[in-house]
Structures are given as structure tokens and as C-alpha cells.
Amino acid sequence: MKQQVYYFDNNATTRVAPEVIDAMVPFLKEYWGNPSSAYQFGHQVAAHVDEARQKAAALINADPREIVFTSCGTESNNSAIHSALVTHPGKKHVIMSAVEHSSNIKFGDFLQHHGYEVTYLPVESDGSLDLHVLEKSIRPDTAIVSIMWANNETGAIFPIEEIAAICRSKATLFHTDAVQACGKLKMDAQETAVDLLSLSAHKLHAPKGIGLLYVKRRVKYHPYVIGGSQERGRRGGTENVANIVAFGRAAELAMASIDDEKTRVRALRDKLENGILRNIPGTVRNGGKEPRLPNTTNIAFDGVEAEGILLLLDQAGVCASSGSACTSGSLDPSHVLLAMGCSAARARGSVRFSLGIYNTEAEVDYVLKHLPGIVEKLRANVPVEAANPQT
Ligand SMILES: Cc1ncc(COP(=O)(O)O)c(C=O)c1O
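All values reported here derive from a predicted model rather than from experimental measurement. (Residues numbered from 1 in each chain as written. Predicted model: local features only at pLDDT ≥ 70, side-chain atom pairs only at ≥ 80, totals over all residues. Heavy atoms only, no water.)

### Structural notes on the overall build of the chain
Consideration 1: A tally of helices and strands in the chain yields 13 helices and 14 strands.
Consideration 2: For 391 residues, the compact-globule estimate of 2.2 N^0.38 gives 21 Å, and the C-alpha radius of gyration of the chain, at 22 Å, lies within 12% of that figure.
Consideration 3: By principal-axis analysis of the C-alpha atoms, the chain measures approximately 70 × 55 × 40 Å.
Consideration 4: Surface exposure of the chain reaches about 16900 Å², of which carbon and sulfur atoms provide 54%.
Consideration 5: Considering the chain, the positive charge centre built from 40 side chains and the negative charge centre built from 43 side chains are found 2 Å apart. (Helix = DSSP H or I, 4+ residues; strand = E, 2+ residues; numbered from the N terminus. Rg over C-alpha atoms; globule rule 2.2 N^0.38 Å. Areas by Shrake-Rupley, 256 points an atom, 1.4 Å probe, with all protein chains shown as cover. Lys, Arg positive; Asp, Glu negative; His and termini not counted. Charge placed at Lys NZ, Arg CZ, Asp CG, Glu CD.)

Right under this line is the structure:
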């Protein structure tokens, strides 16, 4: 018999909404033409791509002409920084926070190996940024500042409007990775002075493999994927029509469910977090309580490895994550938690639960029922020297 899945890893990916599947299927079965083709069979597909572009733009209050569909959030992030450097060849400096997603951090590392300078801004113990440090770090040769809207591991929300205003006052381009904020927070690209903004549809109940980059009007842009003249010459490659349509439908649904995220999902997250902190000794939340995404909690468990917790949770049908990258069989401590000043042991003992619109109170109760026993069991087996997370 198939085991029930208790899914608490919505920051990793989300279930594709049935409404989204219904919207995309006709573009796999019947309307499979190339939207750039010169006949009706292609034109009618192009009209649906346009409609999806309008819906995706509406989610962030952008003009549809400011939307460039990409293959994912990673491509959007890489493209934004790449474009800033190519369009400003005299500027060789990039700024980002030390807690960015690996698609930014590793692109920064790549740039450093190719003659560019990257400043990784430190964060405070609650995960927040010191905006004075950001302001002082911007130099005449800074091509772009890239700061995420919300952190994927802790849910910490950054003051994007203030950051955008600082960048504008220094005439420096500003990009934000809004992959985790999207659908959970209201976003307004017109009102915020962001120049470039990344989204990824699989965090929004659409399939994997489709993202977008918002490029503000009059911001110079150079494509990262070079080829045909799709996306008004800003991204080569035949459009992934079914996924683009899916993104449009998911954007519509996200706009309708944003209040649910802020109220019902937040209440479930708080119940889970408070229940764990109250009922399991030696637990502490990583990062500040607010401002934070309504769906995310990241908790350190003294004296246990997250790997063990996740394994036993998995056996009970619960999906959660450690936020650590699994490299060649060994779990590296999260670069986000280390940047917040957590010890490596505490980072290794931290688990992220990220909820979504499909979670129920019964599922939260299930985790709260099973987790104390799992932690107790692991602690009973732990060697004494590993039980002190301060080392
Ligand atoms: C904050 C953030 N940025 C970027 C990405 C990358 O998105 P994608 O998986 O679509 O490449 C993720 C995915 O986890 C993310 O959480």
C-alpha cells in the first residue's frame, strides 16, 4: 500500500495544482505548434503565451513586456548578473549577501575565478542585513547588487524597498531573487525600484523547468541564452509553451491564495513551530521571528544530526529538509546558518519545515506527535562529545 506523504518541504518544490495541469495539457496534446511559426496553428499558440505573460506580469504588477521567460530561477539569477556585467564592461564588481541561494553564490565564485570581484555581505545572527554596510560597499565600479527578497532556509525577509532605494541613489543596478517570496508575499515591481527580479514557477504549484526574469523598462539587457529572437531577443530557444501556460495559471491561483498563505498557512506554521519549541527540550529557532515568510520555520535540535531526524521522519512519511547541500555523501553545514554565526554542529542539527496551501492541521498534529520520540531516540544513541552543539 502506498504510504501517505506528509509534505513539509514546499520551499524545495510544490505539488503541481490540478488546475495548472488542466491548463497545460491542451498544449501538449492539441496545440503543440511553434509560437514563432508563420501559420495559424502557431499564431494561436502565441496568443496563449501572451496571455500567460500577462498573468505572470500581474502577479508582480509588471508590464508584460518586462517579462522574459527562462528555464528556472537559477537561469534567471545567472542571467541578471551576467547582463549587468556585459552591459557595463568597465564595472568589474558585484555585491550579494552571504546567504543567497547557491545559484547566486556559485555564480559569484565563478566570476571571481574570471577576473571579477565579488563582495559577499555578512548577515546578523537573526539573518538580517546591515544596510549601512551595504551602502558603504557600493563602489563606482559596482555593476550590480543582488539581494534575495526572502531566504529559502530561514524565511527571513529583506527590506527590498530600502535596498532598492540605496542602489538607485548610487546609480547601481539592483536585482532581487524573489523565488521564495513569490506567492507568499504581495510584490509590486512598479512601486519598488528593482531593476531585475527572478521567479521560479515550481515554487508556485506549477511544474519544474520554467522561470522568469523581470527586466524593468529602459534597463539595458543582454541575453544569457543566445539564439533565436524569442522573448523579444532577450532569450533564445523555442518557448516551453505548456510550462509557460502553466506558469500563467499558477500565477492566477497564487494571487487568489496569497491571503490563505498569510493567515491559514501562517497559523499552521506557528502551531508547528511553537509545538516543537515547547515540547522538545534543547530546540531553538534559527533566525528572527519576523519579518519572515509565513510558511517557513528552521529549528536547531541540540545534540542530534538533522540527517538522522530526516531519515526517521522519512520513515514516518514526513518530508522536510536540512537546507544543507548533500555533496558526495557527506552533509555540509548550511552556508546560510554558518553566515548567521551558528556553529557547524548547530547548523548540522537544523531542520527546515516549509508549509504550503495543501497542508492541513491534522498533518501538523502528526508531525508534533512523532517528532519528540524521534529526537529522544536519536539523543539516546548519540556519543557524549557530539551532544554539545557549541563546539
Ligand atoms: C531562493 C532561491 N533562488 C533560486 C532558486 C533556484 O530555482 P530553480 O530551482 O527554479 O532553479 C531556489 C530554489 O530552491 C531558491 O530557493
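### Topic: the side chain of Arg-352
Consideration 1: Within the secondary structure, Arg-352 sits in strand β14 (residues 350-354).
Consideration 2: A polar contact of 3.0 Å, which involves the side chain of Arg-352, links it to the side chain of Asp-9.
Consideration 3: Separated by 2.7 Å, the side chain of Arg-352 and the backbone oxygen of Asn-152 make a polar contact.
Consideration 4: Those residues in contact with Arg-352 that lie beyond four places of it in its chain are Phe-8, Asp-9, Asn-11, Ala-12, Asn-152, Glu-153, Thr-296, Thr-297, Asn-298, Ala-320 and Ser-321. (Polar contact = N/O pair within 3.5 Å; in protein donor to acceptor, adjacent residues only side chain to side chain. Contact = heavy atoms within 4.5 Å.)

### As for the packing of helix α9 (residues 241-279) against helix α13 (residues 361-381)
Packed helices, taken two at a time, are described by the angle between their axes plus the distance between the axes.
Consideration 1: Here α9 crosses α13 at 10°, and the two axes come no closer than 10 Å. Relative to α13, the element α9 is oriented roughly parallel. Pair α9 / α13 crosses with right-handed handedness. On the side of α9, the interface is formed by Leu-268, Lys-271, Leu-272, Gly-275 and Ile-276, while α13 contributes Glu-361, Val-364, Asp-365, Val-367, Leu-368 and Leu-371.
Consideration 2: The class makeup of the residues in the contact of α9 with α13 is 7 nonpolar, 1 polar and 3 charged. (Axes fitted to C-alpha atoms, helices over the stretch in contact; angles between N-to-C directions. Parallel < 35°, antiparallel > 145°, perpendicular 65-115°, else oblique. Left-handed = near helix turned anticlockwise from the far one by under 90°. Nonpolar A, V, L, I, M, F, W, Y, C, P; charged D, E, K, R; others polar.)

### Re the packing of aromatic side chains
Each aromatic ring pair is characterised by the separation of its centres together with the angle its planes make.
Consideration 1: Enumeration according to the criterion identifies 6 aromatic pairs in this entry.
Consideration 2: Aromatic side chains Trp-32 and Phe-41 sit 4.9 Å apart centroid to centroid with 80° between the ring planes, which places their arrangement in the edge-to-face category.
Consideration 3: Since its relative accessible area comes to 58%, Trp-32 is described here as exposed.
Consideration 4: An angle of 25° between the planes, with centres 5.9 Å apart, marks the rings of Phe-107 and Phe-110 as stacked. Of the two residues, Phe-107 and Phe-110 are both situated in helix α5 (residues 102-112); the distance of 3 residues between them amounts to about one turn of the helix. (Phe/Tyr/Trp six-rings, centres within 6.5 Å; stacked < 30°, edge-to-face > 60°. Buried < 20%, exposed > 50% of the residue type's maximum accessible area, 1.4 Å probe, protein only.)

By themselves, these are just geometric observations and shouldn't be taken as functional.
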